[in-house]
Amino acid sequence: IWKTWTIPTYQTQKTKNKMCGIVYIHRKDGKPAYKSVLKRYRNQKSRGMQGYGYIAVKDNKIVSLKRATTEHEIIKLIEQEDAPEILFHHRNPTSAPNIEETTHPIAVHNQELKHQYYVAHNGVIRNSDELKKKHEENGYEYFTELDNSFRAKGSGKTYYIGTSKWNDSESLAIEVARALEGTTDEIDTEGPAAVIGFKTIGQDIVGRFFFRNDLNPLKYMD
């Protein structure tokens, strides 16, 4: 049982534009889910084709976490998966460039938390600067951030993008993780949000969660 939070929303011209897409499939017959994922992705691919990622799950364990910058790369990877459960995300970047380190699902782990979280988000965060400052004061590191030397903290790869950036969705991911752990009573994110994610201990999934607010729908297809 999950609590429900209301996230303040502010509709601007930017939020009216198409944003990222999320597909989550869990086949109850145990057959591979990737064909169903790709079918739904192709129906909504205009929502984002600049960065991809997915988590594949079998027997309640994460068996694969893959990221790619192009459609060709991610399709080649996902077609090799035999897992019956897949959480897939495709981006239309709003805050960070198309590199593997800024793709979803976003991982959240910190000594404050008893669990790890993987979050796929569709939306634009309005107060990510304020949230990042708050999170860093509480000991969180942003793993999607490109630091001042343009080095990705997650992999150590160097990129030359002209400015320091991070994925604004990571601020929401951390807010979600802290709220689900009971570390905070509410999610302070401002902006449209649709979210699907996993709560884990190591590779073991111990919870699944999803929510939306009034600007970003989640559609139940089957």
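Parameters at a glance
- Residues numbered from 1 in each chain as written.
- Predicted model: local features only at pLDDT ≥ 70, side-chain atom pairs only at ≥ 80, totals over all residues.
- Heavy atoms only, no water.
- Core = buried A, V, L, I, M, F, W, Y, C linked by side-chain atoms within 4.5 Å.
- Buried < 20%, exposed > 50% of the residue type's maximum accessible area, 1.4 Å probe, protein only.
- Helix = DSSP H or I, 4+ residues; strand = E, 2+ residues; numbered from the N terminus.
- 1 Å grid on protein atoms, 1.4 Å probe; cavity = no way out; pocket = protein on both sides within 12 Å on 5 of 7 lines; lining within 4 Å.
- Points joined across faces, edges and corners; volume = space filled by probe spheres on them.
- Nonpolar A, V, L, I, M, F, W, Y, C, P; charged D, E, K, R; others polar.
- Salt bridge = Lys/Arg side-chain N within 4 Å of Asp/Glu carboxyl O.
- Axes fitted to C-alpha atoms, helices over the stretch in contact; angles between N-to-C directions.
- Parallel < 35°, antiparallel > 145°, perpendicular 65-115°, else oblique.
- Left-handed = near helix turned anticlockwise from the far one by under 90°.
- Contact = heavy atoms within 4.5 Å.
- Pairing = 2+ DSSP bridges.
- Lys, Arg positive; Asp, Glu negative; His and termini not counted.
- Polar contact = N/O pair within 3.5 Å; in protein donor to acceptor, adjacent residues only side chain to side chain.

A.B. asks: Teacher, can you tell me more about the nonpolar core here?
C.D. replies: Proteins that are soluble and globular tend to have nonpolar side chains buried together. In this structure, V108, Y117, L172, V176 and F209 are the most contacted members of the largest nonpolar core, which totals 22 residues. Of the residues forming this core, the biggest block, seven residues, is contributed by helix α5 (residues 169–181). In terms of nonpolar packing, the next biggest core, distinct from the first, is built from 17 residues, A33, Y41, I74 and I86 among them.

A.B. asks: I keep staring at empty space enclosed by the protein and nothing clicks. Help me out?
C.D. replies: Counting across every chain of the model gives two cavities of 30 Å³ or more. Taken as a whole, the largest cavity encloses approximately 50 Å³ of empty space. Grouping the constituent residues of the lining of the largest cavity by class yields two nonpolar, eight polar and two charged. Of the voids in this model, the second largest cavity is the one considered here, and its volume is about 30 Å³. Taken together, A107, V108, H109, Y140, E141, F143, E170 and I174 form the lining of the second largest cavity. If you list the elements that add at least two residues to the lining of the second largest cavity, you get β5 (106–108) and α5. Here the residues of the lining of the second largest cavity sort into five nonpolar, one polar and two charged.

A.B. asks: Sorry, what's going on with the pattern of salt bridges here?
C.D. replies: Opposite charge on two side chains permits them to pair, given that their charged atoms come into close proximity. A complete count under the given rule lists ten salt bridges for this structure. Across the pair D29 and R27 runs a salt bridge, and its minimum N-O distance is 2.5 Å. The shortest N-O distance in the salt bridge between E145 and K132 comes to 3.4 Å. In this pair, E145 sits in the loop between α4 (128–137) and α5 while K132 sits in helix α4, placing the two residues 13 residues apart along the sequence. Taking relative accessible area as the criterion, E145 reaches 10% and is therefore assigned buried. Residues participating in the shared-partner salt-bridge network are K132, E136 and E145.

A.B. asks: Sorry, what's going on with the packing of α4 against α5 here?
C.D. replies: For any two helices packed against each other, the geometry is given by the interaxial angle and the distance between the axes. It is at 9 Å that the axes of α4 and α5 come closest, and there the two elements cross at 50°. By the criterion of interaxial angle, the relationship of α4 to α5 is oblique. For the pair α4 and α5, the sense of crossing is left-handed. Residue-level inspection shows S128, L131, K134 and H135 of α4 in contact with α5, the latter providing S171, I174, E175 and R178.

A.B. asks: Would you explain the pairing of strand β3 (residues 61–68) in this entry?
C.D. replies: Note on strand geometry: in a regular strand, side chains alternate between the two faces of the sheet. Sheet topology places strand β2 (residues 52–58) next to β3; seven bridges connect them, and they run antiparallel. Counted as the bridge partner of I55 is L65 from β3. Between β2 and β3, which follow one another and run antiparallel, lie two residues, and D59 among them has a positive phi close to 55°.

A.B. asks: Just checking my understanding: could you explain the side chain of E81 for this structure?
C.D. replies: Within the fold, E81 resides in the loop between α3 (71–78) and β4 (85–90). Within the buried set, E81 has no salt-bridge partner at all; the shortest N-O distance to an opposite charge, 4.1 Å, is to K66. Of note is the side chain of E81, whose polar atom sits 2.8 Å from the side chain of S64. Ignoring any residue separated from it by four or fewer positions in sequence, one finds E81 in contact with P32, Y34, Y54, A56, S64, K66 and I86.

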